[in-house]
Amino acid sequence: MRNLLCALIGVALFGTALARDNRIGTTPVAALPAEARETLKLIDAGGPFPHRRDGITFQNRERRLPEQARGYYREYTVPTPGSRDRGARRIVTGDKPPVVFYYTADHYQSFRRIER
């Protein structure tokens, strides 16, 4: 009985994560700003990154991305022309090495899964 209950909870959690991921729209790489495409190249190459906070763990506090274990997501700055600071644009990757990529232009308020 306990194993069945654990299995059902696992299915419910996994289904919730899939549903959340399905609510996130997608965007092809070609539709991203040039700065985001450059950031993807840096991620693929393993750096070097221009900002010291690039590659830090993304906490997913807002729970806008599918739930994963702590440390699964990493964030990288996408430069914003004219901004004096890091700006609001980021690429968030999932897993190590990254297997999933998300883009946000509004500092984690919304995400689009990057189609690669």
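What you are looking at is a predicted structure, and each value in this text was computed from that prediction instead of being measured.

The rules behind each value
Residues numbered from 1 in each chain as written. Predicted model: local features only at pLDDT ≥ 70, side-chain atom pairs only at ≥ 80, totals over all residues. Heavy atoms only, no water. pLDDT = per-residue confidence, 0-100. Contact = heavy atoms within 4.5 Å. Pairing = 2+ DSSP bridges. Helix = DSSP H or I, 4+ residues; strand = E, 2+ residues; numbered from the N terminus. Axes fitted to C-alpha atoms, helices over the stretch in contact; angles between N-to-C directions. Phe/Tyr/Trp six-rings, centres within 6.5 Å; stacked < 30°, edge-to-face > 60°. Buried < 20%, exposed > 50% of the residue type's maximum accessible area, 1.4 Å probe, protein only.

A. How the structure looks around the confidence of the model for the chain. Of the residues in the chain, 81% have a pLDDT of 70 or more, and the chain-wide mean is 87. Contacts for the low-pLDDT stretch residues 3-19, under 50 throughout, to residues beyond four places or in other chains number 2 contacts.

B. Representation of the sheet that holds strand β3 (residues 73-77) in the model. Pairing is mixed across the open sheet formed by 6 strands, whose spatial order is β1-β6-β5-β4-β3-β2. The sheet is open, and its two edges are formed by β1 (25-28) and β2 (56-57), each paired on a single side. Pairing between β1 and strand β6 (residues 112-115): 4 bridges, direction parallel. The partner of Pro28 across the bridge, within β6, is Glu115. The strands touched by helix α2 (residues 34-45) are β3, β4 (90-94), β5 (100-104) and β6; relative to β4, the strand with the most contacts, the crossing angle is about 35°.

C. Highlighting unusual backbone geometry. The omega torsion of the bond from Gly47 to Pro48 falls at 5°, within 30 degrees of zero and hence cis. With respect to the secondary-structure elements, Pro48 resides in the loop between α2 and β2. Here the residue pair Lys96 and Pro97 is connected by a cis peptide bond, since its omega of 0° sits within 30 degrees of zero. Mapping Pro97 onto the fold places it in the loop between β4 and β5.

D. Expanded view of the packing of aromatic side chains. The tally for this structure, following the rule as stated, stands at 8 aromatic pairs. Residues Tyr102 and Phe111 carry aromatic rings whose centres are separated by 6.3 Å and whose planes lie at 80° to one another, so their mutual orientation is edge-to-face. Pair check on accessibility: Tyr102 and Phe111 agree, each one buried. Counting every residue linked through ring pairs, the aromatic cluster contains Phe58, Tyr72, Tyr73, Tyr102, Tyr108 and Phe111.

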